[in-house]
Amino acid sequence: MPENTPVDKHKDIPLYNTETWMYEDFKIGQKDRSISRTISEGEAMMFNGLVLDMHPYVGDQNFAETEGLFGKRLVAGAMVFSLGLGLMANNNVNTFSYGYDKLRFIKPVFIGDTIYTVRTHLSKKPKYKEMGLIVVSYEVYKQPGELVLYCEHLQTVKYKNPETFKQ
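In this text, all values refer to a predicted model and were calculated from it rather than measured experimentally.

Caption draft 1: Region of the structure containing the overall build of the protein. Tallying secondary structure elements over the protein gives five helices and six strands in all. Counting helices and strands in the order they occur from the N terminus, the protein gives α-β-β-α-α-α-α-β-β-β-β. Relative to a compact globule of 167 residues, whose C-alpha radius of gyration would be 15 Å, the protein shows 20 Å and is clearly more extended. Its C-alpha atoms give the protein principal-axis dimensions of about 65 × 45 × 30 Å. Relative to its 167 residues, the protein shows a buried fraction of 38%. In the protein, of all internal contacts separated by at least 6 residues, the share reaching a separation of at least 24 is 71%.

Caption draft 2: Main features of the side chain of Thr-117. Following the sequence through the fold, Thr-117 ends up in strand β4 (residues 114–126). The buried category is assigned to Thr-117, whose relative accessible area is 0%. A polar atom in the side chain of Thr-117 sits 2.8 Å from the backbone oxygen of Gly-84. Apart from residues lying up to four places away in sequence, Thr-117 is in contact with Asp-32, Arg-33, Ser-34, Gly-84, Leu-87, Met-88, Tyr-138, Glu-139 and Val-140.

Caption draft 3: Structural context of helix α5 (residues 77–87). Listed as buried for α5 are Met-79, Val-80, Phe-81, Leu-83, Gly-84, Leu-85 and Leu-87. Contact partners of the buried residues in α5: β2 (37–38), α2 (41–51), β3 (95–105), β4, β5 (131–142) and β6 (146–158).

Caption draft 4: Region of interest: the nonpolar core. Residues Ile-39, Met-79, Val-80, Val-109, Ile-115 and Leu-149 are the most contacted members of the largest nonpolar core, which totals 32 residues. The set of elements that each furnish at least two residues to this core consists of α2, α3 (56–59), α5, β5 and β6. If you tally residues by element for this core, the top one is α5, at six residues. With residues up to four places along the chain from it excluded, the contact list for Leu-149 reads Val-80, Phe-81, Leu-103, Arg-104, Phe-105, Ile-106, Tyr-138, Glu-139 and Val-140.

Caption draft 5: Structural context of α2. Buried within α2 are the following residues: Ala-44, Phe-47 and Asn-48. For α2, the angular spread of the buried residues around the axis is 100 degrees, confining them to a single face. Opposite the buried face of α2, at more than 90 degrees from it, the exposed residues are Met-46 and Leu-50. Packed against the buried residues of α2 are α3 and α5.

Caption draft 6: Expanded view of the packing of α2 against α5. Across the interface, α2 lies against α5 with an axial gap of 10 Å and an inter-helix angle of 110 degrees. Relative to α5, the element α2 lies roughly perpendicular. Like other packed secondary-structure pairs, α2 and α5 cross with a definite hand, here right-handed. Contact residues: α2 offers Glu-43, Ala-44 and Phe-47, while α5 offers Ala-78, Met-79 and Ser-82.

Caption draft 7: Looking closely at the packing of aromatic side chains. Per the counting criterion, the structure on display carries nine aromatic pairs. Pairing Tyr-23 with Phe-165 gives two aromatic rings, centres 5.2 Å apart and planes at 85 degrees, and the pair type is edge-to-face. Pair noted here: Tyr-23 is in the loop between α1 (6–10) and β1 (31–33) and Phe-165 is in the segment after β6, with a separation of 142 residues, a long-range link. Grouping residues by exposure puts Tyr-23 and Phe-165 together as buried.

Caption draft 8: The arrangement of the pattern of salt bridges in detail. Enumeration according to the criterion identifies seven salt bridges in this entry. The residue Arg-73 makes a salt bridge to Glu-41 at a minimum N-O spacing of 3.0 Å. Within this pair, whereas Arg-73 is found in the loop between α4 (61–66) and α5, its partner Glu-41 is found in helix α2, the two being separated by 32 residues in sequence. Taking the relative accessible area as the measure of exposure, Arg-73 reaches 5% and is therefore buried. For Glu-41, a relative accessible area of 44% puts it in the partly exposed group. Residue Glu-152 pairs with Lys-102 through a salt bridge whose shortest N-O separation is 3.7 Å. Placement of the pair is Glu-152 in strand β6 and Lys-102 in strand β3, with a sequence separation of 50 residues. Given the relative accessible area of 11%, Glu-152 is considered buried.

Rules of the game
Residues numbered from 1 in each chain as written. Predicted model: local features only at pLDDT ≥ 70, side-chain atom pairs only at ≥ 80, totals over all residues. Heavy atoms only, no water. Helix = DSSP H or I, 4+ residues; strand = E, 2+ residues; numbered from the N terminus. Rg over C-alpha atoms; globule rule 2.2 N^0.38 Å. Buried < 20%, exposed > 50% of the residue type's maximum accessible area, 1.4 Å probe, protein only. Contact = heavy atoms within 4.5 Å. Polar contact = N/O pair within 3.5 Å; in protein donor to acceptor, adjacent residues only side chain to side chain. Core = buried A, V, L, I, M, F, W, Y, C linked by side-chain atoms within 4.5 Å. Arc of directions from axis to C-beta. Axes fitted to C-alpha atoms, helices over the stretch in contact; angles between N-to-C directions. Parallel < 35°, antiparallel > 145°, perpendicular 65-115°, else oblique. Left-handed = near helix turned anticlockwise from the far one by under 90°. Phe/Tyr/Trp six-rings, centres within 6.5 Å; stacked < 30°, edge-to-face > 60°. Salt bridge = Lys/Arg side-chain N within 4 Å of Asp/Glu carboxyl O.

Set out below in structure tokens:
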């Protein structure tokens, strides 16, 4: 039978950079580390402009150097959060974000700093008819290993065998 569209023709090719693990596959205690990335001035200012954050600590070099506590400009905390989570984004087609808890900006991050993220699987529990709730922590570090951000991500995940978790 002929295939009708390019999507039909390609539907059986596995998606790149996508995971398909289910609730039952989630292993408490598992740790994963991301690659590192350096935060440039250009992308920091683009982020500040996008979210309308022009606080003097992130957008004013003169202020940061002469009046600021650190003598140089910070990277916005929201950007550190976004990049830190993005470094560990798993693109799992079976998970859905439920929210974030315990978000803390522990140490400042500056333009030019290099960050990486460690994700730890903390807990899981049945939640809904078709999905359970998992919690992972994200610890964002700036090199050489100084913790700068911590948060916990709550996600719902589809069950492989929903009948096992009937409520």
